[in-house]
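An overview of the molecular structure
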Amino acid sequence: MKKVCLNCKEPLEGRIDKVFCNAYCKSNYHYQQKKEETTPFKQIDKQLKLNRRLLAHYNQAGKSTIRKEKLLSQGFDPKFYTHTWSNSKEQTYYFCYDYGFLPLFENDIPKFVLVTYQPQYMGALPDID
Ligand SMILES: [Zn+2]
């Protein structure tokens, strides 16, 4: 199969390791890639994944409590979450995928209780292909 330029899709001539036909195609391709990385969709997606990574990192026991400022200092942003679950005490847990947090105060210190999503207890997850 003949290789084509990553940018313009024209067949490539010459060196076997070439991926672009010229410098213009190379810089245009990288510019488009960069542009795609900064769409709102990508930015929100990145924040959600960072949130999940931090929740998972600080919740290796399945349930734990952490100071809110500690999570925020690492880039956690509680405005971004995927879904919620409320318990019988009307406390709302916010989830980033399968890891969740419940904001509360303990001795006037803002904290997050960290939990993992338990489908048998919190409700079945969507079954979409
Ligand atoms: Zn090209």
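Residues numbered from 1 in each chain as written. Predicted model: local features only at pLDDT ≥ 70, side-chain atom pairs only at ≥ 80, totals over all residues.

Time to look at helix 2 (residues 40–57). Since the α-helix packs 3.6 residues into each turn, any two residues three or four apart lie on the same face. Relative to the 26 Å expected for 18 residues at 1.5 Å per residue, helix 2 spans 25 Å between its end C-alpha atoms, a close match to the ideal helical length. Along helix 2, the residues that are buried comprise N51, R52, L54 and L55. Projected down its long axis, helix 2 shows its buried positions confined to an angular sector of 165°, all on one face. Exposed and oriented more than 90 degrees from the buried face of helix 2 are K42, Q43 and D45. Tucked into the core, helix 2 has its buried residues touching helix 3 (68–73), strand 3 (92–96), strand 4 (99–106) and strand 5 (109–116). (Helix = DSSP H or I, 4+ residues; strand = E, 2+ residues; numbered from the N terminus. Expected span 1.5 Å × (residues − 1). Buried ≥ 20, exposed ≤ 12 C-beta atoms within 10 Å, placed from the backbone. Arc of directions from axis to C-beta. Contact = placed C-beta atoms within 7 Å.)

Attention shifts here to the domain arrangement of the chain. What the domain assignment reports for the chain is domain 1 (1–37) and domain 2 (40–122). With centres defined by C-alpha atoms, the gap from domain 1 to domain 2 works out at 41 Å. (Domains from an automatic or database assignment.)

For Y97, which is not glycine, the phi dihedral falls at a positive 65°. Note on placement: Y97 falls in the loop between strand 3 and strand 4. We note that D108 has phi near 70°; this positive angle belongs to a residue other than glycine. Along the chain, D108 falls in the loop between strand 4 and strand 5.

Time to look at the nonpolar core. Soluble globular proteins tend to pack their nonpolar side chains together in the buried interior. Judged by nonpolar contacts, the single largest core of 14 residues is most densely connected at L55, F95, F101 and L114. Where this core is concerned, the elements lending two or more residues are helix 2, strand 3, strand 4 and strand 5. It is strand 3 that provides the largest number of residues to this core, a total of 4 residues. Once residues lying within four places of it in the same chain are set aside, the contact partners of L114 are L55, Y58, N59, K63, S64, I66, Y99 and F101. (Core = buried A, V, L, I, M, F, W, Y, C linked by C-beta atoms within 7 Å.)

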